[in-house]
Amino acid sequence: MLVFGAGTDYALLLTARYREELRRHADRHQAMAVALGRATPAIIASAATVILSLLTLLVAELNSTKSLGPVMAIGVAVGLLAMITLLPALLVIFGRWVFWPRRPELGSAEPTEHGLWARIGQRMARRPRLVWMVTAVVLGVMALGVTQLEANGLQSKDSFRTDPEAVTGEAVLARHFAAGEGNPVQVIGNAEAAPQLQAAVSGTPGVTAVTPPVVKDGYAYLEGTLTSAADSQAGYATVDRLRDSVHAIPGAEAKVGGGSAVNLDIQRATRHDTNLVVPLVLLVVLVILALVLRAIVAPLLLVATVVLSFAAALGVSALVFDHVFDFAGADPSFPLWTFVFLVALGTDYNIFLMTRVHEESKRYGTRRGALVGLAATGGVITSAGIVLAGTFAALGTLPLVFITEIGFAVAFGVLLDTFVVRSVLVTALNLDVGRWIWWPSRLHRKHDVALGEPEAEAAEIRR
C-alpha cells in the first residue's frame, strides 16, 4: 500500500507538470522534457526521503520491523523508476488526447491560476500570521487526544472486530480453568538450581500449579500456570515478578519464556524501536529537506509541521477508537507504523509544494512564489491525498482491530496533511516568514514584492 500510494504521488506530480508544459509547448516531446527536468528532482528527493526513512528501520530490535524496512524501500525505488521512465514514455506516446475530455491546448489558460487553491491563497495572504497561528492551535488541541491512546497491546479477545471461534474457545476455557491454563509460563535454568527454581516459581504471586522440574542435559525445565490471562497486563506483571525471583538465584542462569514472556518482550522491543526510529527518521527528513531547499529555516519549520500533523492525527484517532469504535486499545507498534507512513508520505507533499515555491520564489519573490506554488500544486497534493486516503481506508474492511486502526489513522492523517497542514499551515508560514524562510541561501536576500500592489509586482516580474 505504501508503494501504491507513493507511486501515485509521483505519477500525479509528473502528470500535472506535463499538463502545464503542454500549454506552453507545441511539441509534446519538448513539453515532457521540460516537465521531467523540473519535476524529477522533486520526485527523486521525495523517494530518497522515503527510502532512507524506511532504511532506518534496520536499527530496530524487532526482526519483523527490521526486515520490513528494506522490503518497502525496494518497492518505493521500483515505483520511482517506473514513474520517471515508463510513465513519461506512455504519456508522450498517447499524445494530448490522454487528458480527454479536457485536453491542454497550446496557449490555453492554466486553470490553477484562478482555481480553488489560488483563491484560498489570496485570502490567506491578507492575514497569514492569524491563519497559521489558529491552524496550529487547532492541531494542537486535536493532538491532546494522544493522552487517551492506550498502546499497551490487545488481548486475543479484543484483537478482532468479529467473533472468531478461537476467541469463543478461549472464553469457554477461561470459564472452567485458570486464566493462563492454555499458555503456561516456562522457566529453564541450570540443573543444580532446580529446587530453588521450583521454590521461586511457586512463591511468585500470580503463578499456580507449578510442575516438578524436568532435568536433562544439565538443565532444569518447569512450567507454571498464570492466574491472570496470559496476554493481559496482569499476566505481564507476573512475568516481571517471576523474572526478578529466578534471576536472583545464584548460579541458576534462569530464563523465563512462554507466550506471555514473548508478547511482553515484543511490546518492549517495539517501544524501544519507536523511541529510536522516530528521531532518526526526523533527522533524515530534516537533512534531505535542507539539501533540497538549500536552507535551514524552511526544513525546521516543515519538520515541526510534520510532527504536529502526526500528533493531531494520532490524537483524533485515539478518541475515535475509544468513543466511536469502542476498541479496547492499540498495539504498541501502532504509533511507529502510523508515524512511518504519515511522515514518509507527508514529506512527499512537503517537497512537492516547497520545491515549486522555491522555483517560483526565484522569479517573483517568496510571498508571491508561495501563492503560485500553492495554486500549481494544491490540486495535485489534495488529489494524491484523496487517492491515498481511500486506499488506506480500505483496510477498515478487514476484521483485525490493529489493521483497522492503521487504516483509519493513516487515511485521516493524510487528508489532514494535504488539506490543512501542507496547503494552509505551510503556505501561511511561507507568507508570514517571507524570504527569511530560505536563510542562509542567497534566495533569502531577494526582497519580496508587496502583495496587492500590481505595478510593483509587474515590475518585479519584468526585472
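Residues numbered from 1 in each chain as written. Predicted model: local features only at pLDDT ≥ 70, side-chain atom pairs only at ≥ 80, totals over all residues. Heavy atoms only, no water.

Caption draft 1: Structural detail: the nonpolar core. If you look at the biggest cluster of nonpolar residues, it comprises 90 residues, and the most contacted ones within it are Tyr10, Tyr18 and Leu54. By residue number, the principal contributor to this core is helix H11 (residues 334-364), which donates 16 residues. The contacts of Leu54, once residues within four sequence positions are left out, are Leu2, Gly69, Met72, Ala73, Val76 and Val340. If you look at the next biggest cluster of nonpolar residues, it comprises 19 residues, including Leu226, Val239, Ala252 and Leu264. (Core = buried A, V, L, I, M, F, W, Y, C linked by side-chain atoms within 4.5 Å. Buried < 20%, exposed > 50% of the residue type's maximum accessible area, 1.4 Å probe, protein only. Helix = DSSP H or I, 4+ residues; strand = E, 2+ residues; numbered from the N terminus. Contact = heavy atoms within 4.5 Å.)

Caption draft 2: Local environment of the pairing of strand E4 (residues 219-226). By the bridge criterion, 6 bridges tie strand E1 (residues 185-190) to E4 in an arrangement that is antiparallel. Within E4, the residue paired with Val187 across the bridge is Leu222. As judged from the 2 bridges shared by strand E2 (residues 207-208) and E4, these two strands associate in the antiparallel manner. Bridge assignment links Thr208 to a residue of E4, and that residue is Thr225. Here strand E3 (residues 214-216) runs beside E4; their pairing, made up of 3 bridges, is antiparallel. Within E4, the residue paired with Val215 across the bridge is Ala220. Hairpin remark: E3 followed by E4, antiparallel, with 2 residues in the connecting loop; positive phi at Asp217, about 55 degrees. (Pairing = 2+ DSSP bridges.)

Caption draft 3: Highlighting the environment of His358. Take His358: it is sitting in helix H11. Given the relative accessible area of 9%, His358 is considered buried. Separated by 65 residues in sequence, His358 and Leu293 have C-alpha atoms that sit 7.2 Å apart. When residues no more than four places from it in sequence are discounted, the contact partners of His358 are Leu293, Arg294, Trp438 and Leu443.

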